[in-house]
Amino acid sequence: MWCYEKRLQHPIKITQTNPKIAQIIISQFGGPDGELAASMRYLSQRYTMPYKEVTGILTDIGTEELAHMEMVCTIVYQLTKNLTPEEIEKSGFGTYYVDHTLALWPQAASGTPWTAAYIQSKGDPITDLHEDMAAEQKARTTYDNILRLVKDPEVCEPIRFLRAREVVHYQRFGESLRIVQDHLDSKNFYAINPEFDIRQDGNCR
């Protein structure tokens, strides 16, 4: 069970609407390397992780990614709040507006809707942790790309915070991979799935 604290992990206060920027930022809500995908990936993988300390890390980071999704949605909301039809049409936000008005809906900057195909939950600890490390690096790259395009300091400041957290998550998943490897014979890092292939008596299939 989660306890919801009614505040953002990092403050966001955007005073100028900008639907063009919103169309970029929304990729970190529903894009292939966004926060929704991250949270669903890690919170799904934790069930078949055979080592409790790594299960805890997946739970912690998956929960934090939900908080990051909330931050991204807040940014998009504040960038599009109270837009006029004229502003919507002029900015190119009209295609989104027709389908969703100004509600938040998970899609990439390209307009592609979110799909579970963005994530993987394989049930093999080493496979999943390599997936997770790659996911954090891809998210960091996306935030780098956003920061190259967006110059509004009120937007950039929370984006930089989110980018920094991707780096921390990458490091924690690297530590998790080492924990998994420490439980395995170094010759068998990629030979067995400790969640599935080790019998109760400790022998490998």
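Note that the structure is a prediction, hence the values are computed from the model and not measured.

Scoring rules and cut-offs
- Residues numbered from 1 in each chain as written.
- Predicted model: local features only at pLDDT ≥ 70, side-chain atom pairs only at ≥ 80, totals over all residues.
- Heavy atoms only, no water.
- Helix = DSSP H or I, 4+ residues; strand = E, 2+ residues; numbered from the N terminus.
- Buried < 20%, exposed > 50% of the residue type's maximum accessible area, 1.4 Å probe, protein only.
- Contact = heavy atoms within 4.5 Å.
- Polar contact = N/O pair within 3.5 Å; in protein donor to acceptor, adjacent residues only side chain to side chain.
- Lys, Arg positive; Asp, Glu negative; His and termini not counted.
- Salt bridge = Lys/Arg side-chain N within 4 Å of Asp/Glu carboxyl O.
- Phe/Tyr/Trp six-rings, centres within 6.5 Å; stacked < 30°, edge-to-face > 60°.
- Expected span 1.5 Å × (residues − 1).

J.: Could you give an account of the overall build of the chain, with specific residues and numbers?
T.: A tally of regular secondary structure across the chain gives eight helices and zero strands. If you list the helices and strands of the chain from N to C, you get α-α-α-α-α-α-α-α. When the backbone C-alpha atoms are referred to their principal axes, the chain occupies close to 70 × 35 × 30 Å. Burial statistics for the chain: of 205 residues in total, 44% are counted as buried. In the chain, of all internal contacts separated by at least 6 residues, the share reaching a separation of at least 24 is 75%.

J.: Before we move on, can you summarise the environment of D128 with the specific residues and values?
T.: On the secondary structure map, D128 appears in helix α7 (residues 125-149). Taking the C-alpha atoms as reference points, D128 and V168, separated by 40 residues in sequence, lie 18 Å from one another. If sequence neighbours within four positions are ignored, D128 has contacts with Q45, Q120, S121, K122 and G123. A polar contact is formed between the side chain of D128 and the backbone nitrogen of G123, at a distance of 3.2 Å.

J.: I'd love a proper account of the side chain of E35, names of residues and values included.
T.: Mapped onto the secondary structure, E35 falls in helix α3 (residues 35-45). Despite its burial, E35 pairs with no opposite charge, the nearest such side chain being R41 at 8.3 Å.

J.: A description of the packing of aromatic side chains should follow, citing residues and the corresponding values.
T.: In the structure shown here, the tally under the stated rule is three aromatic pairs. Arranged with centres 6.5 Å apart and planes meeting at 80 degrees, the rings of W114 and Y118 form a pair that is edge-to-face. Given the relative accessible area of 24%, W114 is considered partly exposed.

J.: Break down the environment of S91 for me, with residues and values.
T.: Its location among the elements puts S91 in helix α5 (residues 85-91). What makes S91 buried here is its relative accessible area of 12%. Between the C-alpha atom of S91 and that of I21, which follows or precedes it by 70 residues, the distance is 9.6 Å. At a separation of 3.3 Å, a polar atom in the side chain of S91 contacts the main-chain amide nitrogen of F93.

J.: Explain α7 residue by residue, including any values.
T.: Between its first and last C-alpha, α7 extends 36 Å over 25 residues, near the 36 Å set by a 1.5 Å rise per residue. Structurally, the start of α7 carries an N-cap: the backbone nitrogen of I126 is 3.1 Å from a side-chain oxygen of D124.

J.: Outline unusual backbone geometry, supporting the account with residue identities and numerical values.
T.: A positive phi is found at N82, a non-glycine position, where the angle reads about 60 degrees. Given a relative accessible area of 63%, N82 falls into the exposed group.

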